[in-house]
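# Reading the structure
Listed below, chain by chain, are the residues.
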Amino acid sequence: MSHTIMLIPIGNNVGLTSITLGLIHLIRKDNREVNFFKPIDQPDILKNKDYTTELLKKYSYVKILTKPLSIEYVKSLLTASKKDFLMERIVSLYYKNTKTSKVTFIEGLKITQNYFFLQSLNQEIAKILGAKIIFVTTPENNNIIQFKERLKLIKNEFGGQKNKKIIGVIINKINAPIDKSGQIRTDIYKILNHSTNNKTKKFNTKELFNINLPILASIPWNLNLIAMRSIDIAKYLNAEIINKGEIKTRRIKSIIFCTNNTFNIKKHFKSESLLITSSDRLDILFSALLAEINGFVISAILLTDGFQINKSIKNLYSKIIKSKLPIFKVNNDIWQTSINLQNLNIEVPIDDHKRIKNIKKYISSYINNKLINSEISNIDQNNKNLSALTFRYQLTELAKKLHKRIIFPEGDEPRILKATSICTKRGIATCVLLGNPDNIKKIADSQNIELSDEIEIIDPITIRKKYIDRLIELRKNKGMTKQIANKQIEDNVVLGTLMLEKGEVDGLVSGVVHTTANTIRPSLQLIKTASDKSLVSSIFFMLLPEQVYVYGDCAINPDPTAEQLSEIAIQSSDSAKAFGIDPRVAMISYSTGNSGKGTDVDKVRKATNLVKKKRPDIIIDGPLQYDAAAILDVAKSKAPNSPVAGKATVFIFPDLNTGNTTYKAVQRSANLISIGPMLQGMRKPVNDLSRGALVDDIIYTVALTVIQASHLEKLYKNINF
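In this text, all values refer to a predicted model and were calculated from it rather than measured experimentally.

### Things to note about the overall build of the protein chain
Within the protein chain, the regular secondary structure consists of 27 helices and 25 strands. Every one of the 721 residues in the protein chain was classed for burial, and the buried ones make up 55%. Pairs at least 24 apart in sequence give 76% of the contacts found in the protein chain among residues at least 6 apart. Accessible surface, the protein chain as shown: approximately 33,000 Å² in total, 49% of it carbon and sulfur.

Next up, the structure:
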């Protein structure tokens, strides 16, 4: 099973890239295959490139799954109210590349003033991909009380204790230099100067008790990790290099502006400093050279003001040039240079291999390896649920590979036209429309629907006669005559069902105009049940945001017996499994366990026991009330020893009244997509649509029908009916 871990930054300047590098380094030490996924890019110090992605490409044995979506593209989709489309794109990008991955790290989005909406996207991405969550944050102003409150708030924002995907928090940059507002400094000069004079109250992680959030790492601020090379400063200032020396290796741990006389300046000389002085200050240069000759390591000298160098100074330069001391020059004065340095980004440049190596080692050394490994090694059976978007993605992706023909008897209905247009563009199915071609094209034009040439339109008037004999043959034992057959064949559902029976199409979808009885009756009469099934039943796939439920039977059997109810449960469990849902079957009633009595409860109890005898491999329990079946907290009190309660994925209702009412109430109240009803027990797939079906409902019912057609084809390949 693939493990997905999402790192979500809480606050600004939390060092997310460093944490990502450190975690991946830690996991890689155990020889685990690691993938990295960045759903949306946030260009940083590199033009038009995501910083973390580029670092990992260069310095890590990690597979970068795909190119991230542009942040501006994402913003445009959200502005156009196309959030669902955006999420589908992200799911598609993710699953196309993670089929064989062991561990996948997702780097969450950093909240900025211009992109305040990104935290809600972090939540959505974590949900749809079923990712475990690690928060990454800093203490900021080092106020322990405020920090604890901030952690509690963010945890609650992501679902609190109910969200079992939250595995902990990494606290980075503890006791980093902060400014007056309590924010971590990003000004390189103030950082280096402040680090030696930091009188701020220290942050003590031992005081972080009672937050109900495991601390995976407490990482102290380390000045050495931001020590830049001299070449980095020179490049940033676009300086003229006078003497290269060891410009690529000498690191800067302090900055000294040399504006006083030599005597006073010498008192402030520090090892590994960048000395900034005017290019006419021969005294400073001479002092620096003496210090360098005597083994005092100066990182570099930055000359300002752009003065022309006279002969006497050039003679001194010639001696310095023979040394390893880097010297570079800018035309700005010292004041402007100091202002320019305030905007210097302290993030590690892509080519600074040594600093990156140090960051990875340092960060990984503070991470609780046992906690991380236990999360990666632990396959939680309760977390195998598919999110709605993942289910839809897998449904359509599988359908694309199967190349099936699906017929639509209601070929002139606008919703059908729109759905088939989309299905054709996406390659979900080859669509066949029954109806008058001129009328269909007229309706499509009026609705601005583009009908591809790949959509086959068949005028039923031109083909009815060739199916009359077959209809008579199939129904001869029921008194079918040519006169009756001529009348029945005028019904496009009957005609489409005959085409399916003959193998000219692979599945049939109808119901946006016709009733369920109109859609299903011809299939029961002409297609009939499979030889190993005792009845036809139905299920709906209820696409909740974080998981998919299966509801049965909500469309066919009004008041099934205990025997029939057990068959519905078995069929529904097998269907769930066929579509990638781990079946845990709850037999729904108005009471849980032995708390209720009566014929209705007894029927459910008997049906449950029959399933256990017929199919001991099925995880089932009942009777269970809906809340006990679906909600873990309720299950703990009502059915604490149940293998299903609180984590059911398949819900079997005792009768049609209960099932149909529940599915419609959930669908409409929660505003979610339901796919179905999908018929079970037939030799070939015929699926009914609700007359209130949305275009999306139709599209996913088509995909489901394609997959069902392939499944039934394999199942009954060598069986004669």
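Next comes the rest of the description.
### A few points about the nonpolar core
Phe391, Leu395, Phe541, Met587 and Ile675 are the most contacted members of the largest nonpolar core, which totals 60 residues. Within the second largest apolar cluster, 47 residues are counted, among which are Ile463, Leu498, Ala555 and Ala629.

### Focus: the side chain of threonine 420
Looking at where threonine 420 falls in the secondary structure, it is placed in helix α16 (residues 414-426). Classification of threonine 420 as buried rests on a relative accessible area of 1%. With residues near it in sequence (within four places) discarded, threonine 420 still touches Phe408, Cys431, Leu433 and Ile455.

### Some thoughts on helix α21 (residues 516-526)
Along α21, the positions that sit buried rather than exposed are Thr519, Ile520, Pro522, Ser523 and Leu526. Taken around the axis of α21, the buried residues stretch over an arc of 155 degrees, which confines them to a single face. Close packing links the buried residues of α21 with α18 (468-474), α20 (492-501), β18 (507-510), β24 (673-680) and β25 (686-688). At the C-terminal side of α21, lysine 528 shows a positive phi close to 70 degrees.

### Some words on the UniProt feature "transmembrane region" (unreviewed entry) in the protein chain
Taken from the UniProt record, the annotation "transmembrane region" (unreviewed entry) applies to residues 6-27. Annotation note: span residues 6-27, helix share 55%, strand share 23%, distance between end C-alpha atoms 14 Å.

### Focus: the side chain of serine 230
Looking at where serine 230 falls in the secondary structure, it is placed in helix α8 (residues 230-236). A relative accessible area of 0% means that serine 230 is categorised as buried.

### Quick notes on helix α12 (residues 334-342)
Taken residue by residue, α12 has Ile334, Thr337, Ser338 and Leu341 as its buried positions. Buried residues of α12 fall within an arc of 100 degrees about the axis and therefore sit on the same side. The backbone nitrogen of tryptophan 335 lies 3.3 Å from a side-chain oxygen of the residue at the head of α12, namely aspartate 333.

### Brief notes about the pairing of strand β13 (residues 300-304)
Most of β13 is tucked away: five of the five residues are buried. Here β13 shows two buried faces, one formed by Ala300, Leu302 and Thr304 and the other by Ile301 and Leu303. In this sheet, β13 lies alongside strand β12 (residues 273-278) in parallel orientation, the contact comprising five bridges. Across the sheet, threonine 277 pairs through a bridge with leucine 303, a residue of β13. Handedness of the β12-helix α10 (residues 282-293)-β13 crossover: right-handed. The pairing of β13 with strand β14 (residues 327-329) spans three bridges and is parallel. Bridge pairing in β14 places leucine 303 opposite lysine 329.

### Brief notes about a nonpolar patch on the surface
A cluster of nonpolar side chains, contributed by Phe286, Leu290 and Ile293, occupies part of the molecular surface with about 310 Å² of accessible area. With respect to the helices and strands, leucine 290 occurs in helix α10. Classification of leucine 290 by relative accessible area gives partly exposed; the value is 39%.

### Details of the pattern of salt bridges
Charged atoms that come close allow side chains of opposite charge to pair. Summed over all chains, the structure comprises 26 salt bridges. One salt bridge in this structure joins lysine 83 and glutamate 124, with 3.4 Å as the shortest N-O distance. With lysine 83 in helix α4 (residues 83-95) and glutamate 124 in helix α5 (residues 118-128), the pair connects residues that are 41 residues apart, well separated along the chain. You can call lysine 83 partly exposed: its relative accessible area is 32%. Exposure remark for glutamate 124: the relative accessible area of 26% places this residue in the partly exposed category.

### Structural notes on the sheet that holds strand β5 (residues 132-137)
Taken together, the seven strands give an open sheet; going across it, the order is β3-β2-β4-β1-β5-β6-β7, and neighbouring strands pair in parallel fashion. Bordering the open sheet on either side are β3 (63-64) and β7 (215-220), each of which pairs with just one other strand. Where β5 meets strand β6 (residues 166-174), five bridges bridge the pair, whose relative direction is parallel. Note that in β6 the partner of isoleucine 134 across the bridge is glycine 168. The sheet contacts of α4 involve β1 (3-10), β2 (34-37) and β4 (103-107), and relative to β2 the element is tilted by about 160 degrees.

### Some remarks on the packing of aromatic side chains
Evaluation of the coordinates by the stated rule reveals 13 aromatic pairs. With a centroid separation of 5.2 Å and an interplanar angle of 70 degrees, the aromatic rings of phenylalanine 135 and phenylalanine 158 are classed as edge-to-face. Taken together, the positions of phenylalanine 135 in strand β5 and phenylalanine 158 in the loop between α6 (144-157) and β6 put the pair 23 residues apart, joining distant regions of the chain. Judged on exposure class, the residue phenylalanine 135 and its partner phenylalanine 158 are both buried. Clustering of aromatic rings is evident, with ring pairs tying together Tyr549, Tyr551, Tyr626, Phe651 and Phe653.

### Overview of unusual backbone geometry
Omega for the bond connecting glycine 552 with aspartate 553 falls within 30 degrees of zero, at -10 degrees, which places this linkage in the cis form. By the secondary structure assignment, aspartate 553 is in the loop between β20 (548-552) and α22 (562-578). In the segment running from glycine 622 into proline 623, the intervening peptide bond is cis, with an omega of 0 degrees. Tracing the backbone shows proline 623 in strand β22 (residues 619-624). One non-glycine residue, histidine 403, adopts positive backbone phi at about 55 degrees.

### What to know about the confidence of the model for the protein chain
Averaged over every residue, the pLDDT of the protein chain is 83; the share at 70 or more is 87%. Scored below 50 in pLDDT, residues 195-200 makes eight contacts in the model with residues more than four places away or belonging to other chains. Scored below 50 in pLDDT, residues 379-383 shows five contacts in the model against residues more than four places distant or in partner chains.

### Thoughts on the environment of isoleucine 90
Of note, isoleucine 90 is situated in helix α4. As a C-alpha pair, isoleucine 90 and threonine 390 span 300 residues in sequence and 10.0 Å in three-dimensional space. Residues in contact with isoleucine 90, not counting those within four places in the same chain, are Phe37, Pro39, Ile40, Leu69, Ile125 and Ile128.

### Re the packing of α20 against α21
Packed helix pairs are specified by the crossing angle of their axes together with the interaxial distance, meaning the distance between the axes. Orientation of α20 relative to α21, taken along the N-to-C sense of each, is 40 degrees, at an axis distance of 9 Å. If you check the angle between α20 and α21, you find them oblique. In this structure, α20 crosses over α21, and the sense of that crossing is right-handed. Across the interface between the two elements, Val493, Val494, Thr497, Leu498 and Glu501 from α20 touch Asn518, Thr519, Pro522, Ser523 and Leu526 from α21.

### Structural notes on the environment of threonine 516
Position of threonine 516 among the secondary structure elements: in helix α21. Expressed as a C-alpha distance, the spacing of threonine 516 and asparagine 687, which sit 171 residues apart in the sequence, is 9.3 Å. In this structure, threonine 516 is in contact with Ala555 and Asp688, ignoring residues within four places of it in sequence.

Scoring rules and cut-offs
- Residues numbered from 1 in each chain as written.
- Predicted model: local features only at pLDDT ≥ 70, side-chain atom pairs only at ≥ 80, totals over all residues.
- Heavy atoms only, no water.
- Helix = DSSP H or I, 4+ residues; strand = E, 2+ residues; numbered from the N terminus.
- Buried < 20%, exposed > 50% of the residue type's maximum accessible area, 1.4 Å probe, protein only.
- Contact = heavy atoms within 4.5 Å.
- Areas by Shrake-Rupley, 256 points an atom, 1.4 Å probe, with all protein chains shown as cover.
- Core = buried A, V, L, I, M, F, W, Y, C linked by side-chain atoms within 4.5 Å.
- Arc of directions from axis to C-beta.
- UniProt positions renumbered as here; feature names shortened; annotations may be inferred.
- Polar contact = N/O pair within 3.5 Å; in protein donor to acceptor, adjacent residues only side chain to side chain.
- Pairing = 2+ DSSP bridges.
- Right-handed = clockwise from strand over helix to strand, strands pointing away.
- Patch = residues over 30% accessible without salt bridge, like charges linked within 9 Å, V, L, I, M, F, W, Y side chains within 5 Å.
- Salt bridge = Lys/Arg side-chain N within 4 Å of Asp/Glu carboxyl O.
- Axes fitted to C-alpha atoms, helices over the stretch in contact; angles between N-to-C directions.
- Phe/Tyr/Trp six-rings, centres within 6.5 Å; stacked < 30°, edge-to-face > 60°.
- pLDDT = per-residue confidence, 0-100.
- Parallel < 35°, antiparallel > 145°, perpendicular 65-115°, else oblique.
- Left-handed = near helix turned anticlockwise from the far one by under 90°.

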